[in-house]
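Residue-level structural notes
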Amino acid sequence: MNKSIILSEKDKEELAKYAEAEKPYESCAILVGNETDENWTVKEIVLTENTTKSEVMFTISPDKEFEVDQKAKESNMEIVCIFHSHPESEAQPSETDKKFMRVNPFPWIIYSGKTKEMNCFILQDENVKQISII
């Protein structure tokens, strides 16, 4: 897969700021936009509550995900990415992340509160692949 995720600098800053504000818990968000054969374009960020209130995992309520999906469809968009932070670890998917990537087969952006890095991954044929954020 050679697709990229297109995310503006302003959106990256907003996600990083939100992640820092939510510490010590993981933060999470749903990114909405459009997918083409070449990329996923993020047009809107919906900051969501981590209902787990955990430092090592996150949960977006199914109701919230459904609501975001419905609103996106009304605007001819769709969910294109899941965002969450790792407050004290690297911007790499954990085993828990990999498990949930099967349930939410979107690209996942992970922000590290430790290194301030932001990386994106997708699960493809049970393998996690890093994709570029441009």
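Look above for the structure.
Definitions and cut-offs
Residues numbered from 1 in each chain as written. Predicted model: local features only at pLDDT ≥ 70, side-chain atom pairs only at ≥ 80, totals over all residues. Heavy atoms only, no water. Helix = DSSP H or I, 4+ residues; strand = E, 2+ residues; numbered from the N terminus. Buried < 20%, exposed > 50% of the residue type's maximum accessible area, 1.4 Å probe, protein only. Polar contact = N/O pair within 3.5 Å; in protein donor to acceptor, adjacent residues only side chain to side chain. Contact = heavy atoms within 4.5 Å. Phe/Tyr/Trp six-rings, centres within 6.5 Å; stacked < 30°, edge-to-face > 60°. Lys NZ or Arg CZ within 6 Å of the ring centre and 35° of its normal. Core = buried A, V, L, I, M, F, W, Y, C linked by side-chain atoms within 4.5 Å. Pairing = 2+ DSSP bridges. Salt bridge = Lys/Arg side-chain N within 4 Å of Asp/Glu carboxyl O.

1. Here's the deal with the side chain of Ser112
- Along the chain, Ser112 turns up in strand 5 (residues 108-112).
- A residue is classified by how much of its surface remains accessible, and Ser112, at 0% relative accessible area, is buried.
- In this structure the side chain of Ser112 is engaged in a polar contact, spanning 2.7 Å, whose partner is the backbone oxygen of Ser89.
- A distance of 3.1 Å separates the side chain of Ser112 from the backbone nitrogen of Lys114, its partner in a polar contact.
- Beyond its immediate stretch of four places on either side in the chain, Ser112 contacts His86, Ser89, Glu90, Ala91 and Glu117.

2. Let's talk about the packing of aromatic side chains
- A complete count under the given rule lists 1 aromatic pair for this structure.
- For Lys3, the ring lying beneath its charged end belongs to Trp40, and the centroid distance is 4.4 Å.

3. Some points on the nonpolar core
- Core analysis: the biggest nonpolar cluster contains 20 residues, and Ile5, Leu7, Leu15, Leu31, Phe83, Ile109 and Met118 have the highest contact counts within it.
- Taken together, the elements giving at least two residues each to this core come down to helix 1 (9-22), strand 2 (28-35), strand 3 (39-48), strand 4 (78-86), strand 5 and strand 6 (118-124).
- With sequence-adjacent residues up to four places away left out, Ile109 is seen in contact with Ile5, Leu7, Leu31, Cys81, Ile82, Phe83, His84, Met118, Asn119, Cys120 and Ile133.
- Ile30, Val46, Trp108 and Phe121 belong to the second-largest nonpolar core, a separate cluster that totals 16 residues.

4. Considering the pairing of strand 7 (residues 127-131)
- Here strand 6 pairs with strand 7 via 5 bridges, running antiparallel. Its bridge partner being in strand 7, Leu123 is matched across the sheet by Val128.
- As consecutive antiparallel partners, strand 6 and strand 7 are separated by 2 residues, and within that stretch Asp125 has a phi angle of approximately 50°, a positive value.

5. Focus on the side chain of Asn39
- Assignment of secondary structure puts Asn39 in strand 3.
- At 3.3 Å, the side chain of Asn39 and the side chain of Thr41 are in polar contact.
- Apart from the residues lying within four places of it in its own chain, the contact partners of Asn39 are Lys3, Ser4, Ile6 and Asn34.

6. Some words on the pattern of salt bridges
- Within this structure, the stated rule accounts for 11 salt bridges.
- The salt bridge partner of Lys53 is Glu49, with a shortest N-O separation of 3.5 Å.
- We classify Glu49 as partly exposed; its relative accessible area is 49%.
- With a closest N to O distance of 3.4 Å, Lys64 and Glu67 form a salt bridge. Highlighted residues: Lys64 and Glu67, both in helix 2 (residues 62-74), separated by 3 residues, approximately one helical turn.
- Judged by its relative accessible area of 27%, Lys64 falls in the partly exposed class.

7. Side note on unusual backbone geometry
- Look at the link from Lys23 to Pro24: it is a cis peptide, with omega at 10°.
- When you line up the elements, Pro24 lands in the loop between helix 1 and strand 2.
- With a phi angle near 70°, Glu126 is a residue other than glycine that sits in the positive phi range.
- Positionally, Glu126 belongs in the loop between strand 6 and strand 7.

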